[in-house]
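# Descriptive structure summary
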Protein chains: 2
Amino acid sequence: MCVSICHSTIPVVEDEDLGALLARIMRRLMDAEHPLLRAHGLSMWAYATLTSLAEQPATSQLALAKAIGYDKTRLIALLDELEHDGLIVRERDPADRRAQTVRLTPEGEARHAAAKADIRKMEIELLADLPPDEQGALRAMLTKLAHPE
Amino acid sequence: MCVSICHSTIPVVEDEDLGALLARIMRRLMDAEHPLLRAHGLSMWAYATLTSLAEQPATSQLALAKAIGYDKTRLIALLDELEHDGLIVRERDPADRRAQTVRLTPEGEARHAAAKADIRKMEIELLADLPPDEQGALRAMLTKLAHPE
DNA sequence: TATTGTTATACTCTATAACTATA
DNA sequence: TATAGTTATAGAGTATAACAATA
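In this text the structure is predicted, and so the values were computed from the model without any measurement.

## Considering the side chain of A:Asp17
Structurally, A:Asp17 can be placed in the loop between β2 (8-11) and α1 (18-39). Within polar-contact distance, the side chain of A:Asp17 engages the side chain of B:Arg120 at 3.0 Å. Setting aside chain neighbours within four positions, we find A:Asp17 in contact with B:Tyr47, B:Thr51, B:Lys116, B:Ile119, B:Arg120, B:Glu123 and B:Arg139.

## Observations concerning the relation of the copies chain A and chain B
Taken as rigid bodies, chain A and chain B are interconverted by a rotation of 180° and an axial shift of 0.0 Å, the fit giving an RMSD of 0.0 Å. Taken together, the rotation and translation relating the two chain copies correspond to the operation of a two-fold axis. Taken as a fraction of all interface residues of chain A, those also at the interface in chain B reach 98%, which identifies the copy contact as same-surface.

## Some words on the protein's contact with DNA strand C
The environment of DNA strand C is made up of 16 residues, and the closest members are A:Gln61, A:Leu62, A:Gln100, B:Arg74 and B:Arg98. Close to the protein, within 4 Å, the atoms of DNA strand C are drawn from sugar and phosphate at a rate of 63%. A distance of 2.9 Å is found between a phosphate oxygen of DNA strand C and a backbone nitrogen or oxygen belonging to A:Gln100. One nitrogen or oxygen atom from the side chain of B:Thr73 is found 3.5 Å from a base oxygen belonging to DNA strand C. Ranked by residue count, the leading element in the surface near DNA strand C is helix α4 (residues 72-84) of chain A, at three residues. Looking at the surface near DNA strand C residue by residue, the class counts come to three nonpolar, five polar and eight charged.

Each value, and the rule that gives it
Each chain has its residues counted from 1, following the order in which its sequence is written. Starting at A for chains and at 1 for ligands, labels are handed out in the order in which the entities are written. At least 70 in pLDDT is required for a residue's local features to be given in this predicted model, at least 80 for side-chain atom pairs to be given and counted, and no such filter applies to totals for whole chains, interfaces and linings, which use all residues. Each side-chain value is derived from all of the structure's non-hydrogen atoms; neither hydrogens nor water enter the calculation. Strands are runs of DSSP state E lasting at least 2 residues, helices are runs of H or I lasting at least 4, and numbering of each runs from the N terminus. Polar contacts, as used here, are pairs of N or O atoms within 3.5 Å; protein pairs need one atom able to donate a hydrogen and one able to accept it. Residues neighboring in sequence count only if both atoms are side-chain atoms. Should any heavy atoms of two residues lie within 4.5 Å, those residues are counted as being in contact. A least-squares fit on C-alpha atoms brings the copies together, and the residues used are those whose pLDDT is at least 70 in both copies. In this text, near means that some heavy atom of the residue lies within 4 Å of the molecule or strand in question. Charged means Asp, Glu, Lys or Arg here, nonpolar means Ala, Val, Leu, Ile, Met, Phe, Trp, Tyr, Cys or Pro, and polar covers whatever is left, Gly included.

So this is what it looks like as structure tokens:
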């Protein structure tokens, strides 16, 4: 869209779609985050998995897949790797022998904590474009939108 | 992470990573947006393309690819479709006959406007989880983060 | 019969390199 | 030589269905 002012035609930038804004920010964030995770030998989904398990062990792989919004069939190969690397442990649930519980090993906890520390530092730099009081407000708003009742 | 309070152990939910929050919101947004776009016969990238062209015609396909953050090789098939559907026009630049300019047709403008109207309505519903004064603040903050100087 | 974990398969998306025509 | 557009191909990511073990 353009508008004529003082005999010249200049482009007017309208409000962007929410999706466009978030996509831009996500790309910035991912571009900064990928090398950090790579340095810790983790993929994005591996980190998401460790994060979920750090907060709460999984009662089954299916529950874990749902918790992080990942496909249960793809989770298998991912857990295979994490188990092979000694970051997680899978154990049959005695109560329901179909299910496997998943939890972090001490190495898994340490790896997650180390990666998270680096990511938090990066986030602080990224948010430095905003005044300090807005940073907390933003986090609160995003949390509300991410977890609708 | 857990903490013991009054002889019981309850999980403590720490602040989520910014990436996790944004990913959740993005998924919500995309889940709502996909059916709307499909109703208008547009893919996500097709909509992004129309949005960019609605604001400003492209001096070349390469410039368009960069503007929307899409791969120039994949853009070609997308533009082929949009052109076939009569939504855009490609024209050789007389000044540089290697380049092709890209602009919307009237049909393209109409299709974009119709899709955008639906998407804006959806965004308003999604943001209704926030008090009105926070909605504007959020948009301002996201715009700042999406366009760093 | 339904569910968990698993495997296999097909499909889409994405990244890379190479080719042409213009500059 | 460098750039815009294009094509082809290989790789990663994703979705679907089917199977064995257990409930």
